[in-house]
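Read off the chains here:
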Amino acid sequence: MTSIIREYRDRLPDEAATISLASRLALAAPAAGCVFLEGELGAGKTTFARGFLRALGVRGAIRSPTYTLVEPYDTAGSHVLHMDLYRLADPEEVEYLGVREEINQSILLVEWAEKGRGFLPEPDLVVHLAIADEGRDINIVANTQRGCSWLVSAIE
């Protein structure tokens, strides 16, 4: 019988550990899903997204979407949208990013998701990163049944 896990906490000692956990989540990812990446500037949200994307086979430059707001990636098994909404002044601006048709058929990795609340789907997973000495504290919360299954597959 599969366990129901709604929350996972850990201390990640270094960047390699952050990338490793992101990779495990990527390899367990459904074809479509939504992940909110939370934390202060410099907490490791983009590092986490890069580890996730590399595990899915993305090669070449993986740019932070700080200025473009959205970076799309096609992988062997899915389409991923890495979004950084930090620069949005109003949540309604999500509508102008041109991703409405892709949102429910993609894996979304969303940094600063609170800037788009009401215009984004409910997150399956919320990943919160916080600076802790040389590493990071991570807290992952599953908000949906799909998120619970995803989290169980990644950490068991």
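On a predicted model such as this, the values are computed, not experimentally measured, just so you know.

Caption draft 1: Geometry of the overall build of the protein chain. Check the secondary structure of the protein chain and you find four helices and seven strands. When the helices and strands of the protein chain are placed in sequence order, the string is β-α-β-α-β-β-α-β-β-β-α. In terms of C-alpha radius of gyration, the protein chain reaches 14 Å, essentially the compact-globule figure of 15 Å for 156 residues. When its C-alpha atoms are laid out on the principal axes, the protein chain stretches across 40 × 35 × 30 Å. Looking at the 156 residues of the protein chain, the share that counts as buried comes to 49%. Accessible surface, the protein chain: about 7900 Å² in total, of which carbon and sulfur atoms supply 49%. If the 15 positive side-chain charges of the protein chain are averaged to one point and the 23 negative ones to another, these points end up 3 Å apart.

Caption draft 2: The arrangement of the pattern of salt bridges in detail. Inspection of the entire model under this criterion finds seven salt bridges. Notably, a salt bridge pairs R9 with E7, separated by 2.9 Å at the nearest N-O pair. The closest approach of N and O atoms between R63 and E71, which form a salt bridge, is 3.4 Å. For E71, a relative accessible area of 8% corresponds to the buried category. Linked by salt bridges that have partners in common, R11, D133 and D137 make up one network.

Caption draft 3: Highlighting the side chain of T75. Structurally, T75 can be placed in the loop between β3 (70-74) and β4 (79-84). For T75, a relative accessible area of 16% translates into the label buried. Beyond its immediate chain neighbours, meaning those up to four positions away, T75 contacts L56, V58 and V80.

Caption draft 4: View of unusual backbone geometry. Of note, the phi angle at W112 is positive, near 60 degrees, even though the residue is not glycine. Its location among the elements puts W112 in the loop between β5 (107-111) and β6 (125-132). Overall, W112 belongs to the buried group, its relative accessible area being 13%. Positive phi values are uncommon outside glycine, yet D133 reaches one of about 55 degrees. Tracing the backbone shows D133 in the loop between β6 and β7 (135-142). You can call D133 exposed: its relative accessible area is 68%.

Caption draft 5: How the structure looks around the environment of F119. Mapped onto the secondary structure, F119 falls in the loop between β5 and β6. Considered as a pair, F119 and V152 are 33 residues apart in the sequence and their alpha carbons are 28 Å apart.

Caption draft 6: Spotlight on the sheet that holds β5. Reading across from one edge, β1-β7-β6-β2-β5-β4-β3 is the order of the seven strands in this open sheet, with mixed pairing throughout. At either margin of the open sheet sits one strand with a lone partner, and together these are β1 (7-12) and β3. Across the sheet, the mean angle separating the axes of adjacent strands is 15 degrees when strand polarity is ignored. With respect to the sheet, helix α2 (residues 45-55) is in contact with β2 (33-38), β3, β4, β5, β6 and β7, its orientation differing from that of β5 by roughly 165 degrees.

Caption draft 7: The arrangement of the nonpolar core in detail. By size, the foremost hydrophobic cluster in this structure holds 31 residues, and its most contacted members are L25, F52, L109 and I140. Mapped onto this core, the elements with two or more residues apiece are β1, α1 (15-27), β2, α2, β5, β6, β7 and α4 (145-155). A per-element tally of this core places α1 first, with five residues. With residues up to four places along the chain from it excluded, the contact list for F52 reads A22, L25, A26, A29, I107, L109 and W150. Counting 16 residues, the second-largest nonpolar core is a separate cluster that includes C34, V99, V110 and L120.

The rules we used
Residues numbered from 1 in each chain as written. Predicted model: local features only at pLDDT ≥ 70, side-chain atom pairs only at ≥ 80, totals over all residues. Heavy atoms only, no water. Helix = DSSP H or I, 4+ residues; strand = E, 2+ residues; numbered from the N terminus. Rg over C-alpha atoms; globule rule 2.2 N^0.38 Å. Buried < 20%, exposed > 50% of the residue type's maximum accessible area, 1.4 Å probe, protein only. Areas by Shrake-Rupley, 256 points an atom, 1.4 Å probe, with all protein chains shown as cover. Lys, Arg positive; Asp, Glu negative; His and termini not counted. Charge placed at Lys NZ, Arg CZ, Asp CG, Glu CD. Salt bridge = Lys/Arg side-chain N within 4 Å of Asp/Glu carboxyl O. Contact = heavy atoms within 4.5 Å. Pairing = 2+ DSSP bridges. Axes fitted to C-alpha atoms, helices over the stretch in contact; angles between N-to-C directions. Core = buried A, V, L, I, M, F, W, Y, C linked by side-chain atoms within 4.5 Å.

The values reported here are purely geometric and, on their own, carry no functional implication.
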